[in-house]
Amino acid sequence: MTSAAPLIADSITRTFGTHMAVDDISLTLAPGEITALLGASGSGKTTLLRLLAGMERPDAGRVLSGSKELSSGQTFVPIERRKIGLVFQDFALFPHLTAIENVMFGLRDLPKPDRVTQAEAWIDRLGLMARRDAYPHQLSGGEQQRTAIARALAPNPVAILLDEPFSGLDPSMRDQVRDAALEAVKSAGIPALLVTHDANEAMVHADRIAIIDAGRILQIGGPEQLYRKPVSFKAACALGPVHQISRDRLPDDWKPLLPATAKTVFYRPEAFRAIEGDQYFVSRTRLAGPVTELELKLDSGDVLYSACQPSTPKHPGNHTGISLDPDLVFDFGEDET
Amino acid sequence: MTLKTQLFAGLTLLVGTVAACSNPADTPTEGASDETQPVLTIYSSRHYDSDKELFAMFEEEAEVTLNVRESGASQLLETMRAEADQSPADVIIAADAGSLWRFQDAGLTQAINSDVLNDAVPAVYRESEGHWYGVARRVRGIAYDPDRWTPEELARWDLLAGEDKAGEICVRSSSNIYNLSLMSEIIHRYGSETAEEWAGAVVGNMARNPQGGDTDQIRAIAAGECSLAIVNHYYWIRLGNSENEADQQVAASTAFLIPEFVEGSGSHVNVTGAAITHTADDVDLAQDFIAFLLTEQGQSYVTRDTGELPLLDTTAVTNGADKVPAFTASDTQLIVYGENQAEAQRVFDVAGWN
Amino acid sequence: MPRMTRPFSSIPPLLVIAMVGLPVFAALFAGIFAGDGATWTHILENRLAPYTATTLWVLVLTAFMILALAVPAAWLISQYDFPGRSLFGFALILPLAMPGYVMAYAWADMMGVAGPIQSQFRDWAGLSARDYWFPNLFSAPGLAFVLASTLFPYVYITARAAFSMQSLATFEAARSLGARPMDLFWRVAIPAATPAIIGGLCLALMEAAADYGAADFLGVPTLGVGIIRSWTSFGEPNTAARLSLMLILIAGTFLVAARLFQGQRGTQNTSVRWRTPDRSKLPVLGGVAAAGLCTTILLICFALPVSRLVWLVIEYQARAPDIVPLIQSSLILGCLGASVAFIAALVFSLATKRGETLRLGARLVAAAGYAAPGAVLGLGALYILRETGQALSGAVAIGFLVWIYVSRFTSAGVEPIQATIARLPKNLDQASRSLGVTGLNQFWRVDLPLIAPGAVAAALILFVEILKELPATLMLRPFGWDTLAVRAHAYATDERLAQATLPSLLIVLAGLVPVLLLSWRLSRTERIKA
């Protein structure tokens, strides 16, 4: 195996014309860890990946693998000598090669029998043995993606970068492919970057998440930390629904419990959990995956969003009690909309 | 937008075409027949500007319209076969006795008994039953480097097979009709076996693979690649007549002679000739046309661009053709050229003469 | 591929197949059932093997030369920026306007032992013609060189399109796996573009196989020459037709081999959304080298021979009387033939999706026409004419001539159209039908606009090909319809090359207009896509 060194972006910047695509970003990808880079389209996440991969040169800053400089003012190691594995959203398999030949593509330095053995090991690992001699257009989307991942991992890269690798897949098969694929990535013991716009994917599969917006990293941390302790409204929004309400409009007995002092407070719906009781009027309900979101009418006339388990269903017109989890109420120290 | 533009371009092309083609009768044509005039249709294997002038003169003189199809002799022959009784052709002009025989052999010509034509054309230069008549003569001879050879060393065709000619001969490929006709006469005189030996020896003496036309062979002599070449007389004449200085130098540095088969046998002479087709509507008019070719005026135009020799002794030899040395025609019937033509190609093939 | 079959039942395609195939099969039928003459025995025993061997040798050489000329240039033009790139991209298609026989005249004149190059060399070196070696154009390699330099644009066009269609992600994936620029070319770009390159090469080689003019002029005994020889020297057109079966077999073998070679490999990108790679700027030295390569190709395949022709016209003050009617007939026959052949190609391309058998059959029939020498097709036309009891004049002659153009060139029109169809997204057809647009309506509103780029290319290529066509035109044209090619040939066969140059140049000029249009369109498509 390769010596596992972190892949480091050190204050890198890249502008296109007047547009700052990547604005002074520093990021360390630890070996054996999957770091998700989470952001909307146009946030600069793909540019950051391209800078790390060596598809683009940074205007300023450095890219390092451990202590080895890959990009800096003086040096630029081209993509073909970085040994960084890449997985693309659209698979980018070579149409003229079979699955196994695609995986063997990067194994040029080995003697042929070793190449076959090593490629087969990866093919097998990703459950593609039955499809080893099929051409890309004969493979399903999931098979294509697994082939692409096997291809990227086979040459023992120093890091692997995945650019929205699962967004092209059918949701029904996505989970299955994703689990197998990311398991393989993770067990490679190298830095891995998973670029995605899917917060759920990031939270479930990444060890750490970096939230990127307008070319800047808003926050880096573990999924739990980011969900529970966002540093800004934008950062909070990136991982799930966030609502705001004026502090004055909340029932008086909650006010002392809140950590915040600002006029406007932000909260996740789960901050207000439905319990037995009948103080609050349910005006609307919305099934949102594992929880149901309730719209409550407060006495002040404002709307408060809360969450309840589907096991204790509520319906519009019902009344409910609320328990408060102050950890999920945030104060960003300023008013935001 | 872009697709639309491209589509438009494509459609414009189509529409334009249809418009352009909607009235083909208006298109370039000397042949648009005038209803009031009789029409004479000529199938010619020659392509000379002077022929066009000649045809125009005949149109005026005889008050007829000439339709002319110029193409290869073989193609014209197949066309006539395909057209069968419907063929518009009245007169065939072909630049080799072998080709004329082909038309005759295919039953596409008719025998003419015309005193005018028989008087004008010596018997050796016409088909005995009057199926076709020569209108101009051409001789195949040898262009050579006079510093290298004396005329005596090249006086007979068999001398080309001699060892002294090794690596000295330039000649064009065997499928050319001039070579076929020459070979046909050799086969006629000596039989295929001897002819094959001769051809094999000539191939062995060649300076290079057969390539290019006769003119190229003469130029190769001047360039020094070989010292003698088998060519028709008029290609050498044309080089001398050229306005191009380099061409004139080529002609000046070479000489031309007309060999015999054995001493006193006479030389290999070929003709450009005319025949009247079996479908000719107006045989008299067709005869008039051929007779016109044999007038002095006709003869001068027939030979003007080509550099051929006129058939009538009385016609002044123009355009440098007077430089061609005197010769006597061999007594071989020209029809032999046609009859032996396929065998000639076979002999060449076997001898390795590409 | 979308199922673009709606507006057509299978009757029009079958009619077109019959139309394209009939002249070839009329000739072959006559040839095969004519009985063995002495000539056939002789050819079988003495000539068939050498003719075939020479032809294959010439084709192999031509193929290599075409690839060497077309593929690197297409790669450079599609991937890199260097001085003069857009001009070269444009100009490299120009040799298409040059008929093979004209190229042969020009180069033979320049390279001949008495030509300017060797003469100058002898003057300078004081040597005689026998004292040194000089490349001989009058040889199989010489013929291959002449054919390759006029036919390489076919491969250049297809290769360039294929290279610029490649997915950026595929290249980046390859680079991330350690592929250097040279590896990208050999291991990714070339294999992925191979089907397109093979397609163009098939077309070019079929045309090369059918050549008579250049081979005859250069004295290389190919099958094409042998076919005409057995007609003119042996007086047996049936033998000629039978011999041309050999050529058609070779062409069929190409097609089948190309299919087998391709096997089940994918030709299309699997990418859902792809970005074509941005062209990268070459460093100064590389740029100069790239520009130098393109300049050399252009000089060899176009500028030098054309300049030589112009020079000859001036030096000999060549006059060509009545040139205007020649231009008119050339243009009219070109337009007429191109339109009908275009429609035939369109019907072929759109309707042959009816089944693999019909599709392959149609392609083989079209290929048979394309690989058969024009003279043999002309012969087929004459056999058909005989059955009709008509004379070859007026409208009948034009009809037959256009028919032969269609039979001969439809293949050249089918390729670009099918290449475009192959690249279309799969579900457009369904999308259109779901919106209630079907049948002829769908053809006009969806199919035709989509295939327009390929269709325009097809129409232009057909026009240029017909403009250059010689043997069939020579045989079948009605009275008074001499074309430029016919006139050039008339002078050239009589060794009046200087006079032949003017009509030859005019063919090139007339061909330049559509070729420039084609070139402009190709560059445009590339820009739009980028």
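Everything quoted here is computed from the prediction, not taken from an experiment.

Here the focus is the overall build of chain C. Secondary structure assignment for chain C yields 21 helices and two strands. Per-residue burial for chain C yields a buried fraction of 60% across its 530 residues. Sequence-distant contacts in chain C: of pairs separated by 6 or more residues, those separated by 24 or more amount to 87%.

Right, let's talk about the overall build of chain B for a bit. Looking only at helices and strands, one finds 14 helices and nine strands in chain B. Taken across its 354 residues, chain B has 53% of its residues classed as buried. The long-range share in chain B, meaning contacts at least 24 apart out of those at least 6 apart in sequence, stands at 78%.

With that settled, consider helix α14 (residues 341-351) of chain B. With nine of its eleven residues buried, α14 of chain B lies for the most part within the structure. Where the residues of α14 of chain B are buried, they touch α4 (97-105), α6 (177-190), α7 (192-205) and α13 (335-339) of chain B together with α2 (38-79) of chain C. In the segment just after α14 of chain B, G352 of chain B is the residue with positive phi, at about 80 degrees.

So, about the sheet that holds strand β11 (residues 243-246) of chain A. All names here are of chain A. Pairing within the open sheet is antiparallel, and its three strands lie in the order β11-β12-β17. The open sheet is flanked by β11 and β17 (329-330), the only strands paired with a single partner. Across two bridges, the pairing between strand β12 (residues 264-267) and β17 is antiparallel. Bridge pairing in β17 places F266 opposite F330.

Before going further, it helps to spend a moment on the sheet that holds strand β3 (residues 34-38) of chain A. Residues and elements named next belong to chain A. The mixed open sheet is built from six strands, whose spatial order is β6-β7-β8-β3-β9-β10. Strands at the two margins of the open sheet, each flanked by one partner only, are β6 (84-87) and β10 (216-221). Across the sheet, the axes of successive neighbouring strands diverge by a mean angle of 20 degrees, strand direction being ignored. Bridge count for β6 against strand β7 (residues 159-163) is four bridges, and the pairing is parallel. When the bridges of β7 are listed, I84 appears paired with A159. Running at roughly 120 degrees to β3, helix α5 (residues 171-187) makes contact with β3, β7 and β8 (192-196) of the sheet.

This brings us to the environment of N205 of chain B. Residue and element names in this part refer to chain B. Along the chain, the position of N205 falls in helix α7. Residues N205 and T215, spaced ten residues apart in sequence, show a C-alpha to C-alpha distance of 20 Å. Here N205 is in contact with L160, K165, A166, G167, E168 and I169, once residues within four sequence places are set aside.

Another aspect to go through is the packing of helix α4 (residues 141-153) of chain A against α5 of chain A. Residue and element names in this part refer to chain A. Packing of α4 against α5 leaves a shortest axis separation of 10 Å and a crossing angle of 10 degrees. Between α4 and α5, the interaxial angle falls into the category roughly parallel. Here G142, Q145, R146, I149 and L153 of α4 come into contact with α5, specifically with M173, V177, A180, A181, A184 and V185.

The interface of chain C with chain B comprises 60 residues on the first partner and 64 residues on the second. Classifying every residue of the side of chain C that touches chain B by side-chain character gives 35 nonpolar, 17 polar and eight charged.

What follows deals with the arrangement of the chains. Ranked by contact count, the leading pair among the two pairs of chains in contact consists of chains B and C. Separating chain A from chain B is a minimum C-alpha gap of 27 Å, and the two share no contact.

On to the packing of α2 of chain C against helix α8 (residues 181-210) of chain C. Residues and elements named next belong to chain C. Where α2 contacts α8, the axes come no closer than 10 Å and their chain directions differ by 135 degrees. Here α8 runs oblique to α2, going by the angle between their axes. The way α2 lies across α8 gives a crossing that is right-handed. Note on element contacts: α8 touches α2 through F185, A189, I197, L201, A204, L205, A208 and A209, opposite T55, L59, T62, A63, I66, V71 and W75. Partitioned by chemical class, the residues of the contact of α2 with α8 number 13 nonpolar, two polar and no charged.

Residue and element names in this part refer to chain C. Summarising the model, chain C shows a mean pLDDT of 82, and 88% of its residues fall at 70 or more. By mean pLDDT, helix α17 (residues 428-434) is the weakest element of chain C at 60, and helix α12 (residues 284-315) is the strongest at 91. Segment residues 1-8 is flagged for pLDDT under 50; beyond a separation of four residues in sequence, or across chains, it makes 28 contacts in the model. With a pTM of 0.79, the predicted complex shows an ipTM of 0.77.

The subject of this paragraph is unusual backbone geometry. Residue and element names in this part refer to chain A. Its identity is not glycine, yet S11 carries a phi of approximately 50 degrees, on the positive side. Within the fold, S11 resides in strand β1 (residues 7-16). Judged by the 12 C-beta atoms lying within 10 Å of it, S11 is exposed. Backbone geometry places K83, a non-glycine residue, at a positive phi of 60 degrees. Under the C-beta neighbour-count criterion, K83 is labelled partly exposed, with 19 such atoms within 10 Å.

Here we come to helix α10 (residues 245-252) of chain B. Residue and element names in this part refer to chain B. Looking only at α10, the buried set comprises D247, V250 and A251. Seen along its axis, α10 keeps its buried residues to an arc of 95 degrees; they face one direction. Facing away from the buried side of α10 by more than 90 degrees, the exposed set consists of E245 and A252. In the core, the buried residues of α10 are packed alongside α8 (214-223) and α9 (233-241).

Conventions and cut-offs
- Residues numbered from 1 in each chain as written.
- Chains lettered and ligands numbered in written order.
- Predicted model: local features only at pLDDT ≥ 70, side-chain atom pairs only at ≥ 80, totals over all residues.
- Helix = DSSP H or I, 4+ residues; strand = E, 2+ residues; numbered from the N terminus.
- Buried ≥ 20, exposed ≤ 12 C-beta atoms within 10 Å, placed from the backbone.
- Contact = placed C-beta atoms within 7 Å.
- Pairing = 2+ DSSP bridges.
- Axes fitted to C-alpha atoms, helices over the stretch in contact; angles between N-to-C directions.
- Parallel < 35°, antiparallel > 145°, perpendicular 65-115°, else oblique.
- Nonpolar A, V, L, I, M, F, W, Y, C, P; charged D, E, K, R; others polar.
- Left-handed = near helix turned anticlockwise from the far one by under 90°.
- pLDDT = per-residue confidence, 0-100.
- Arc of directions from axis to C-beta.

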